[in-house]
Each structure stands twice: as structure tokens, then as C-alpha cells.
Amino acid sequence: MAELFDDDRCALATSTAKAAAGDCAALLGKEGIQIHGGIGYTWEHDMHLYVRRVKSSSLLFGNASQHRARVADLIGL
């Protein structure tokens, strides 16, 4: 059980999950704005809050391409 918490394996799993979640969140934000149209950018709908949260999270925690680069470094590519 302790081998699951090895630093390299944990970093690899974390970056892989963050890359997948980042892509999914960006796609959902983009499609949400497309579905809701112009009201998605107004204060009348909460979609703009979700898009803003996706953008701020990618700036704070790294975007998907940064995490893919980290995965490539960890596996030696």
C-alpha cells in the first residue's frame, strides 16, 4: 500500500488527472457558452462564473499542456 504513495507515481497520477480534468472543464465551459448563447456572458446566468473559474484554475494550478509536459518528463520522454 505504501508504494502507491511514491512521489513519482503520485505526481504522475496527479498530472494525468489534472490534464484530463482541465481538458474536460475547458470543453464544458466552451460548450456551455455555445449552448446558452449571449445570455451565458451576462449577469443573468451563472455560466460566466463557471468559465471564469475554469480560467482561474488553469492559471493557478497549471493548464492541461503543462501537465502533459510534466507527465512526459516523469516517464522520460
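Above this text sits the structure in question.
Right, let's walk through the structure included here. (Residues numbered from 1 in each chain as written. Predicted model: local features only at pLDDT ≥ 70, side-chain atom pairs only at ≥ 80, totals over all residues. Heavy atoms only, no water.)

Looking at the overall build of the protein
Piece 1. If you tally the helices and strands in the protein, you get three helices and zero strands.
Piece 2. Taken against the 2.2 N^0.38 rule, which gives 11 Å for 77 residues, the C-alpha radius of gyration of the protein at 16 Å runs more than 25% over that of a compact globule.
Piece 3. Over its C-alpha atoms, taken along the principal directions, the protein stretches across nearly 50 × 25 × 20 Å.
Piece 4. Summarising the internal contacts of the protein: among those between residues at least 6 apart in sequence, 50% fall at separations of at least 24.
Piece 5. About 5900 Å² of surface is accessible on the protein, with carbon and sulfur atoms providing 62% of the total.
Piece 6. For the protein, the separation between the mean place of its 8 positive charges and that of its 9 negative charges on side chains is 6 Å. (Helix = DSSP H or I, 4+ residues; strand = E, 2+ residues; numbered from the N terminus. Rg over C-alpha atoms; globule rule 2.2 N^0.38 Å. Contact = heavy atoms within 4.5 Å. Areas by Shrake-Rupley, 256 points an atom, 1.4 Å probe, with all protein chains shown as cover. Lys, Arg positive; Asp, Glu negative; His and termini not counted. Charge placed at Lys NZ, Arg CZ, Asp CG, Glu CD.)

With respect to the side chain of His-67
Piece 1. Considering the arrangement of structural elements, one finds His-67 in helix H3 (residues 64-75).
Piece 2. Residue classification places His-67 among the buried residues on the basis of a relative accessible area of 6%.
Piece 3. When near neighbours in sequence (up to four residues on either side) are disregarded, His-67 contacts Ser-15, Lys-18, Ala-19, Phe-61 and Gly-62. (Buried < 20%, exposed > 50% of the residue type's maximum accessible area, 1.4 Å probe, protein only.)

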